[in-house]
Amino acid sequence: MEQHEITEILNRPASRELLHRDVARLAYVAKDGTPRAIPIAFSWNGTEIVMCTATNAPKLASLRANPMVALTVDTEVHPPKILLVRGRAELDYVDGIPQEYLEMNGSYEMTAEQRVEWEAEVRSLYDGMVRVVVTPTWAKLIDFETTLPSAVEELMRRRAEAASEKSV
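Here the structure is a predicted model, which means the values were calculated and not measured.

Caption draft 1: Here's a closer look at the overall build of the chain. When its secondary structure is counted, the chain shows six helices and seven strands. For the chain, the sequential pattern of α-helices and β-strands runs α-α-β-β-β-β-α-β-β-α-α-β-α. For a compact globule of 168 residues, the expected C-alpha radius of gyration is about 15 Å, and the chain comes in at 19 Å, more than 25% above that figure. Principal-axis analysis of the C-alpha atoms gives the chain an extent of 75 × 40 × 30 Å. For the chain, the proportion of its 168 residues judged to be buried stands at 36%. Looking at the chain alone, contacts between residues at least 24 apart form 67% of all its contacts between residues at least 6 apart. Surface accessibility of the chain: about 10300 Å² in total, with carbon and sulfur atoms responsible for 53%. Charged side chains of the chain number 19 positive and 26 negative; the gap between the two group centres comes to 7 Å.

If you want it as structure tokens, here you go:
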């Protein structure tokens, strides 16, 4: 997929809406060769998806061994909006707490006092974190209005072809 195609998809209003959600599902291959899909907080900086994790998280060894990942961000309403992204995870070890981590967790409803307590707890727990940075190499938006899953598009095409053959 060409970069301009990825950019066009990610700049669509529905994609921008999804990229401002709190949680994505990150899929990767674990060290034992089996797939994993986990919910993880993320932020979008306009070119990259950034997730943060503990320096001792098991997924880091897996991502070092095989950095290819897929992400899904979707809604819980019908019809759903679904953004699918693939890319390569780059691991960036950071002393202290990455600003993105504080921002991505800032959307949860907390009083000012709760926020101060939460941030103090986070800062006391983590000496450092790892930023998992994914630059999209492929993207697809499924909104069930302008785009559909490819298998559904194929079935609709076949149905239309069959209908036109019957009318001849």
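So, next bit.
Caption draft 2: Structural context of the sheet that holds strand S2 (residues 35–41). Strands sit in the order S2-S1-S5-S6-S7-S4-S3 across an open sheet of seven strands; the sheet is antiparallel. Looking at strand neighbours, the two that pair on one side only are S2 and strand S3 (43–44), the edges of this open sheet. Here three bridges tie strand S1 (residues 23–29) to strand S5 (residues 68–74), and the two strands are oriented antiparallel to one another. Residue pairing in the sheet places arginine 25 in a bridge with threonine 72 of S5. Those strands touched by helix H3 (residues 58–65) are S1, S2, strand S4 (49–54), S5, strand S6 (82–95) and strand S7 (128–142), and its axis lies near 105 degrees from that of S6.

Caption draft 3: Seen up close, the side chain of threonine 53. Along the chain, threonine 53 falls in strand S4. A relative accessible area of 7% places threonine 53 in the buried class. Within the structure, the side chain of threonine 53 is placed 3.1 Å from the side chain of lysine 59, a separation counted as a polar contact. Apart from the residues within four sequence positions on either side, threonine 53 is in contact with Lys59, Leu60, Met129, Val130 and Val132.

Caption draft 4: Representation of the nonpolar core within the structure. Among the nonpolar cores identified, the biggest contains 27 residues, and Met51, Val69, Leu71 and Leu83 are the most heavily contacted of them. Mapped by element, the contributors of at least two residues to this core are helix H1 (3–10), helix H2 (13–18), S1, S4, H3, S5, S6 and S7. Apart from the residues lying within four places of it in its own chain, the contact partners of methionine 51 are Leu26, Ile40, Ala41, Phe42, Leu71, Met104, Val130, Arg131, Val132 and Val134. Membership of the second largest hydrophobic core comes to 10 residues, among which are Ala41, Cys52, Tyr101 and Met129.

Caption draft 5: Main features of the packing of aromatic side chains. Applying the stated rule across the entire model yields two aromatic pairs. When the ring of tyrosine 101 is compared with that of tyrosine 126, the centres are 6.1 Å apart and the planes differ by 65 degrees; the resulting orientation is edge-to-face. On the criterion of sequence distance, the pair formed by tyrosine 101 in helix H4 (residues 99–104) and tyrosine 126 in the loop between helix H5 (112–125) and S7 is long-range, its members being 25 residues apart. We classify tyrosine 101 as buried; its relative accessible area is 13%. Put simply, the rings of Tyr101, Trp118 and Tyr126 touch in pairs and so form one group of aromatic residues. For the cation-ring pair, arginine 86 lies above tryptophan 138, with the distance from its terminal atom to the ring centre recorded as 3.7 Å.

Caption draft 6: The arrangement of the pattern of salt bridges in detail. By the definition in use, this model includes 12 salt bridges. Put simply, glutamate 17 and lysine 81 hold a salt bridge, and the shortest N to O gap is 3.6 Å. In this pair, glutamate 17 sits in helix H2 while lysine 81 sits in the loop between S5 and S6, placing the two residues 64 residues apart along the sequence. What you see here is one network of salt bridges that share partners, running through Glu154, Arg157, Arg158 and Glu161.

Reading the values: the criteria
- Residues numbered from 1 in each chain as written.
- Predicted model: local features only at pLDDT ≥ 70, side-chain atom pairs only at ≥ 80, totals over all residues.
- Heavy atoms only, no water.
- Helix = DSSP H or I, 4+ residues; strand = E, 2+ residues; numbered from the N terminus.
- Rg over C-alpha atoms; globule rule 2.2 N^0.38 Å.
- Buried < 20%, exposed > 50% of the residue type's maximum accessible area, 1.4 Å probe, protein only.
- Contact = heavy atoms within 4.5 Å.
- Areas by Shrake-Rupley, 256 points an atom, 1.4 Å probe, with all protein chains shown as cover.
- Lys, Arg positive; Asp, Glu negative; His and termini not counted.
- Charge placed at Lys NZ, Arg CZ, Asp CG, Glu CD.
- Pairing = 2+ DSSP bridges.
- Axes fitted to C-alpha atoms, helices over the stretch in contact; angles between N-to-C directions.
- Polar contact = N/O pair within 3.5 Å; in protein donor to acceptor, adjacent residues only side chain to side chain.
- Core = buried A, V, L, I, M, F, W, Y, C linked by side-chain atoms within 4.5 Å.
- Phe/Tyr/Trp six-rings, centres within 6.5 Å; stacked < 30°, edge-to-face > 60°.
- Lys NZ or Arg CZ within 6 Å of the ring centre and 35° of its normal.
- Salt bridge = Lys/Arg side-chain N within 4 Å of Asp/Glu carboxyl O.

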